[in-house]
Amino acid sequence: MKYKFTAETCDYMPFEAKPKGLDAPVWRYSKNPLIKRNPQKGIARIFNSAVVPYNGEFIGVFRVEDQSSLPHLRLAHSKDGINFTVEEERIHFVDEEGKPYDPYYAYDPRLVKVEDEYFIIWCTEFYGPSIGLAKTKDFKTFVRLENCFLPFNRNGVLFPRKINGEYKMLSRVSDNGHTPFGDIFLSSSKDLTYWGKHRHVMEKGGNGWWQGLKIGGGPAPIETEVGWLMIYHGVILNCNGYVYSMGVAILDKDEPSKVLYRAKYYIMTPEEDYETVGFVPNVVFPCSTLIDKEGHIAIYYGAADTYVALAFTTVDELVDFAINNHEGVGRDRDLGR
Ligand code: BMA
């Protein structure tokens, strides 16, 4: 292992070695997709979902759509990180006084452990899409906190530890629809209620076109000795619509609004049938990662707004790829004020 990292590691997690001769930093699970269409009664599609290790097994917060196509969140359980049992009832939230506080819709969840609590961050209905936040310790009671930002916003991603005593959240300011713009911003909070010190992190664009329309955070960043390893999504608009790919960047450890490295090439783009054909074609949308002591990484991603799929990489692959293919874009490297 070339680069040291600090993260909660799994003793066991799904992983396959890189196929011989492959010239790409990320490779797909050979039995993708993990979850197919109509996987169980009352569920039409599951995609853009997040998984964490929990009590020696795995637990997920899944974006589920039934035949009404209105997204909601459900828990899913797995012993191996591959075969999941999805709960029949959606997650129900309460507010801090214990009163029911369910969102009208909820999608693209991230699930992040900070200290001894698990946080769900999702795109919630708040007079339009914005960022919802809830915490749990036992995956039985889900206490919903204040919505983090004003509408409209998407792709809220919490860092897995406080930095300089503050929680840090990535997000992308948005509009009410299928936002045709967007950069990644960073906000800080001491108490998870009041968010401020907003900083610009990364802008869309660069010389290549794959991230020219908008970008958004993905899984919780992984802390390495070089900086925060961030997998994100980038979007291009072509004659046929939006195409979502995955990219990688490394953010400064103490001031993550500074981009140290950012690869000019995507690390994965829709290529397989389950990514190019579906409810929304040409989407790979990463939401969470697992990591083991050797620095193997499993990436859970949504494919074509229809499937949950898995891809693999390593810390070394991604850090080297970001450094070797770095392209500075705009004001990425400054403090972002
Ligand atoms: C975005 C979000 C994602 C979705 C993507 C492609 O705006 O709604 O959930 O995967 O579009 O449809």
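Throughout what follows, the structure given in this document is the object of discussion. (Residues numbered from 1 in each chain as written. Predicted model: local features only at pLDDT ≥ 70, side-chain atom pairs only at ≥ 80, totals over all residues. Heavy atoms only, no water.)

## Points about the overall build of the protein chain
What the protein chain contains, in helices and strands, is two helices and 22 strands. For a compact globule of 337 residues, the expected C-alpha radius of gyration is about 20 Å, and the protein chain comes in at 18 Å, within 12% of that figure. Each principal axis of the C-alpha atoms in the protein chain carries an extent, and together these give about 50 × 45 × 45 Å. In the protein chain, buried positions account for 59% of the 337 residues. The long-range fraction of contacts in the protein chain, counting pairs at least 24 apart against all pairs at least 6 apart in sequence, stands at 55%. Accessible area of the protein chain: about 14,200 Å², with a carbon and sulfur share of 50%. Each charge class in the protein chain can be summarised by its mean position, and for the 39 positive and 45 negative side chains these summaries are 2 Å apart. (Helix = DSSP H or I, 4+ residues; strand = E, 2+ residues; numbered from the N terminus. Rg over C-alpha atoms; globule rule 2.2 N^0.38 Å. Buried < 20%, exposed > 50% of the residue type's maximum accessible area, 1.4 Å probe, protein only. Contact = heavy atoms within 4.5 Å. Areas by Shrake-Rupley, 256 points an atom, 1.4 Å probe, with all protein chains shown as cover. Lys, Arg positive; Asp, Glu negative; His and termini not counted. Charge placed at Lys NZ, Arg CZ, Asp CG, Glu CD.)

## Some details on the site of the ligand
Taken together, the neighbourhood of the ligand is formed by Asn 48, Arg 63, Tyr 107, Asp 108, His 178, Tyr 244, Val 280, Val 283, Phe 285 and Asp 305. Residue Arg 63 places a side-chain N or O atom 2.8 Å away from an oxygen atom belonging to the ligand. Side-chain polar atom of Tyr 244 to an oxygen atom of the ligand: 3.0 Å apart, as the coordinates give it. Surface burial for the ligand is 91%, taken as the share of its 310 Å² of free accessible area covered by protein chains. (Near = heavy atom within 4 Å. Polar contact = N/O pair within 3.5 Å; in protein donor to acceptor, adjacent residues only side chain to side chain.)

## Digging into the packing of aromatic side chains
Across all of its chains, the model carries 20 aromatic pairs by this definition. For the pair Phe 62 and Phe 84, a centre-to-centre distance of 5.1 Å together with 55° between the ring planes defines the contact as tilted. Taken as a pair, Phe 62 in strand β4 (residues 57–65) and Phe 84 in the loop between β5 (71–78) and β6 (85–86) lie far apart in primary sequence, 22 residues in all. Phe 84 shares its class with Phe 62; the two are buried. Sitting over the ring of Phe 279, Arg 45 keeps its end group 3.6 Å from the ring centre. Taking NZ or CZ as reference, Arg 333 lies 5.8 Å from the ring centre of Tyr 261, over its face. (Phe/Tyr/Trp six-rings, centres within 6.5 Å; stacked < 30°, edge-to-face > 60°. Lys NZ or Arg CZ within 6 Å of the ring centre and 35° of its normal.)

## Some points on the environment of Ile 297
Take Ile 297: it is sitting in strand β21 (residues 296–303). Between the C-alpha atom of Ile 297 and that of Tyr 104, which follows or precedes it by 193 residues, the distance is 34 Å.

## Side note on the pattern of salt bridges
Scanning the model with the defined rule gives 19 salt bridges in all. Connected through salt bridges with shared partners, the residues Arg 45, Arg 63, Glu 65 and Asp 108 form a single ionic network. (Salt bridge = Lys/Arg side-chain N within 4 Å of Asp/Glu carboxyl O.)

## What about the sheet that holds β4?
Spatial strand order, β3-β4-β5-β6: four strands in an open sheet with antiparallel pairing. Strand pairing shows two members of the sheet lacking a second neighbour, β3 (45–54) and β6, which therefore form its edges. Sheet topology note: the β4/β5 ladder contains eight bridges and is antiparallel. Among the inter-strand pairings, Val 61 is bridged to a residue of β5, identified as Leu 75. (Pairing = 2+ DSSP bridges.)

## With respect to the side chain of His 72
Examined against the element boundaries, His 72 turns out to sit in strand β5. A polar contact of 2.9 Å, which involves the side chain of His 72, links it to the side chain of Arg 74. Looking at His 72, its side chain comes within polar contact range of the side chain of Arg 90, at 3.5 Å. Ignoring any residue separated from it by four or fewer positions in sequence, one finds His 72 in contact with Phe 62, Arg 63, Val 64, Asp 66, Arg 90 and Ala 106.

## Remarks on the sheet that holds strand β8 (residues 117–125)
One open sheet accounts for four strands, arranged β7-β8-β9-β10; its pairing is antiparallel. Whereas interior strands pair on both sides, the edge strands pair on one side only; in this sheet they are β7 (106–114) and β10 (143–144). Pairing of strand β9 (residues 129–136) with β10 involves two bridges; the strand directions are antiparallel. Residue pairing for β10: Ala 134 is matched across the bridge by Arg 144.

## Focus on the pairing of β3
With nine of its 10 residues buried, β3 lies for the most part within the structure. Pairing between β3 and β4: eight bridges, direction antiparallel. From the neighbouring strand, Ala 50 faces β4, where its bridge partner is Val 61. Joining the antiparallel neighbours β3 and β4 is a turn of two residues, in which Asn 55 adopts a positive phi near 50°.

## Looking at the state of the cysteines
What the rule picks out here adds up to zero disulfides. Cys 123 supplies the cysteine sulfur nearest to Cys 148, a cysteine that is in no disulfide, at a spacing of 11 Å. With no disulfide of its own, Cys 287 lies closest to Cys 123 among cysteine sulfurs, the gap being 11 Å. The buried category is assigned to Cys 287, whose relative accessible area is 2%. (Disulfide = S-S within 2.5 Å.)

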